Amino acid sequence: MNPFRTPFARIALASAAALCLAGQAAAADYTMRISHQFPPTHHSAVNMEQFKKEVAELTKGRVEVQTFGAAQLFKPNQNHPAVASGKVEAALILSFQWGGTIPEMSVTIIPYLMTSVAKQKAFIKSDAAKLLDAKMAEKGVTNIAWIVDTNDGIFTSNGKPLVKPADFAGVKIRGLNKLFDEGLVAMGASPSAMPGSEVYQALQTGVIDAGFTGVEAAHSRKFYEVQKFGVASNIILAFDNLVVNPAWWKGLPNDVRAAIQKAADQAVARSIRKSDGIPAENIKILNDNGMKAIALTKAQEQVMADAMQPAVKKEFLRQTAPDGVRLIEALDKL
């Protein structure tokens, strides 16, 4: 007897076919692959997972967002060309990692320049942001979100806490880029710029003596396992730019594009803190894990600003003439 001719078998085959067709019918019309460098527990990665859910809801399943974190698809410096060339539809890129490609993007990491919540909100729709959006467009990508990565930073160390400029003399430390690192050099440190994903191992192996990252990232990247001290302050404002391939973006139906933009706007809103200062719970969780972490007072922040900001501003204006002056003036008005 042919087993496929039995009533039970026919029913089973019909059910399987129906399920297959249902799966095809439920498949998304569009795919949005997002590459980024952040580990799963990092707040930016968590934000993208929420963005993924909201895009599915707002588009009624027409768009499937696929996230590829922890640099599993591309290294941080490869994300921009990958999006521009269409290898992926989107990427989440730290604003200061544009480096020499768009040096103006580093304006927000001039130490203690614009870390207040009020300035963050004002910046996102400002002429300064539009100028930087245009510069990203010139490099082949469309920016759809200025998501706050951090408006703080923490210097971590083993020998002693890095509280005042003199404490940095001779310290090998993780830098961010050539611009920010001028401020570290001004205090006598020896910075080495590297992605956040490489810092833990560099600290563990002694390649560098001290780390620098966002306060929340110090926890998610487990710096407390390899560093005894942490000194936090509202030192920089770093954004994650959600950039998309222009051809893919323009090819989406208007309603789909609007839905993705709404989800991106919601990701931005989630990223902005409710108040200034270092959240006490972020310091507590580091201390609970064995690190001796503190937050600088406003007076201590001013001492650091006086030591770092002049050198960084000078380098920024050297790198970015003539637009650098326009940017600084626009930020001063926020």
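Up top is the structure these notes are about.
Calculation notes
Counting starts from 1 at the beginning of each chain's written sequence and moves along it residue by residue. In keeping with the model being predicted, local features are shown solely for residues with a pLDDT of at least 70 and side-chain atom pairs are shown and tallied solely at 80 or more, while totals for entire chains, interfaces and linings include all residues. Here the side-chain values reflect all heavy atoms present in the structure, with hydrogen atoms and water set aside. An axis is simply a line fitted to the C-alpha atoms; with a helix, the fit covers only the stretch in contact. Between two such axes, the angle follows the N-to-C directions and lies from 0 to 180 degrees. In this text, helices come from DSSP runs of H or I with a minimum length of four residues, and strands from runs of E with a minimum of two, each type numbered from the N-terminal end. Should the near helix be turned anticlockwise from the far one by less than a right angle, the crossing is left-handed, and should it be turned clockwise, the crossing is right-handed. Contact criterion: two residues are considered in contact whenever any of their non-hydrogen atoms come within 4.5 Å of each other. Any residue outside Ala, Val, Leu, Ile, Met, Phe, Trp, Tyr, Cys, Pro, Asp, Glu, Lys and Arg is labelled polar, Gly included; the first ten of those are nonpolar and the last four are charged. The term nonpolar core refers to a set of buried residues drawn from Ala, Val, Leu, Ile, Met, Phe, Trp, Tyr and Cys, joined through side-chain atoms within 4.5 Å. Exposure classes here rest on a 1.4 Å probe applied to the protein chains alone. A residue is buried below 20% of its type maximum, exposed above 50%, and partly exposed in between. The method works on a 1 Å grid over the protein atoms by themselves. A cavity is a set of points holding a 1.4 Å probe that cannot get out, a pocket is an open set with protein on both sides within 12 Å along at least five of seven lines, and residues with an atom within 4 Å of a point line them. Grid points are joined across faces, edges and corners, and a volume is the space filled by probe spheres set on the points. Two strands qualify as a pair provided DSSP detects at least 2 bridges between them. In this description, the arc belongs to the directions extending from the helix axis to the C-beta atoms. Here a Phe, Tyr or Trp ring, Trp counted by its six-membered ring, pairs with any other such ring whose centre lies within 6.5 Å, and the pair is stacked when the planes are under 30 degrees apart, edge-to-face when over 60, and tilted otherwise.

**Q** I keep staring at the packing of helix α6 (residues 178–186) against helix α12 (residues 298–320) and nothing clicks. Help me out?
**A** Two quantities define a packed helix pair, namely the angle between the helix axes and the distance between the axes. Taken N-terminus to C-terminus, the directions of α6 and α12 make an angle of 145°; their axes are 8 Å apart at the nearest point. Between α6 and α12 lies a crossing of right-handed hand. The segment α6 lies against α12, with K178, L179, F180, E182, G183, L184 and A186 engaging A307, M308, A311, V312, E315, F316, R318 and Q319. Class assignment of the residues belonging to the contact of α6 with α12 gives a composition of 9 nonpolar, 2 polar and 4 charged.

**Q** Got a minute to help me understand the nonpolar core in this structure?
**A** Note that soluble globular proteins tend to have their nonpolar side chains buried in a common cluster. Ranked by internal contacts, the top residues of the largest apolar core, which has 83 residues, are M32, F51, F123 and I260. Among the elements that make up this core, the one with the highest residue count is helix α10 (residues 254–271) (6 residues). Among residues more than four places away in sequence, those in contact with F123 are M114, A128, A129, L132, W146, F239, L331 and L334. Core analysis: the next-biggest nonpolar cluster, separate from the first, contains 17 residues, M194, A202, I278 and I283 among them.

**Q** Would you take a moment to explain empty space enclosed by the protein for this structure?
**A** Empty pockets left among the atoms are what a rolling probe the size of a water molecule brings to light. Enumeration according to the criterion identifies 1 cavity of 30 Å³ or more in this entry. The calculated volume of the largest cavity comes to roughly 170 Å³. L94, D149, R174, T213 and G214 are the residues nearest the centre of the largest cavity, which is lined by 18 residues in total. Only β4 (142–150) and β8 (211–213) provide two or more residues apiece to the lining of the largest cavity.

**Q** What am I meant to see in the pairing of strand β5 (residues 153–157) here?
**A** Regular strands place their side chains on alternate faces of the sheet. Burial analysis of β5 places 5 of its 5 residues in the buried class, which makes it a mostly covered element. Taking every second residue as pointing to the same face, both faces of β5 are buried, with G153, F155 and S157 on one and I154 and T156 on the other. Pairing analysis gives 3 bridges linking β5 to β8, with the strands arranged antiparallel. Considered in β8, the bridge of I154 is made with T213.

**Q** How should the sheet that holds strand β11 (residues 292–295) be read in this particular structure?
**A** Working definition: the strands of a sheet are paired by backbone hydrogen bonds and lie parallel or antiparallel to each other. With mixed pairing, the 4 strands of this open sheet are ordered in space as β8-β5-β9-β11. With one partner strand each, in any of the chains shown, β8 and β11 form the two edges of the open sheet. When strand polarity is set aside, the average angle formed by the axes of neighbouring strands in this sheet is 20°. Pairing of strand β9 (residues 229–233) with β11 involves 4 bridges; the strand directions are parallel.

**Q** Would you mind showing me how to read helix α7 (residues 196–205) here?
**A** Because each turn of an α-helix spans 3.6 residues, side chains separated by three or four positions end up pointing in the same direction. Residues of α7 that are buried include every one of G196, V199, A202 and L203, and no others. In an axial view of α7, the angular spread of the buried residues amounts to 95°, which keeps them on one side of the axis. Exposed residues lying more than 90 degrees from the buried face of α7 are Q201 and T205. Check the buried side of α7 and you find it contacts β5, β6 (172–175) and β8.

**Q** Honestly, the pairing of β9 in this entry has me stumped. Any pointers?
**A** Where burial is concerned, most of β9 is hidden: 5 out of the 5 residues are buried. Taking every second residue as pointing to the same face, both faces of β9 are buried, with F229, V231 and S233 on one and G230 and A232 on the other. Relative to β9, β5 is paired through 5 bridges, and the arrangement is antiparallel. Each residue of the ladder has a partner; that of T156, found in β9, is G230.

**Q** Could you clarify how one ought to interpret the packing of aromatic side chains in this entry?
**A** Any aromatic ring pair is given by two values, namely how distant the centres are and how the planes are angled relative to each other. Enumeration according to the criterion identifies 7 aromatic pairs in this entry. For the ring pair F123 and F239, a centre distance of 5.1 Å and an interplane angle of 25° mean the geometry is stacked. Taken together, the residues F123 in helix α4 (residues 117–124) and F239 in strand β10 (residues 238–244) connect sequence positions 116 residues apart. Using a relative accessible area of 0% as the deciding quantity, one classes F239 as buried. Aromatic pair F180 and F212: ring centres 5.1 Å apart, planes at 20°, arrangement stacked. Here F180, found in helix α6, pairs with F212, found in strand β8; they are 32 residues apart in sequence, far enough to count as distant. An identical accessibility class is assigned to F180 and F212; each is buried. Among the aromatic side chains, those forming a connected cluster through ring pairs are F155, F168, F180 and F212.

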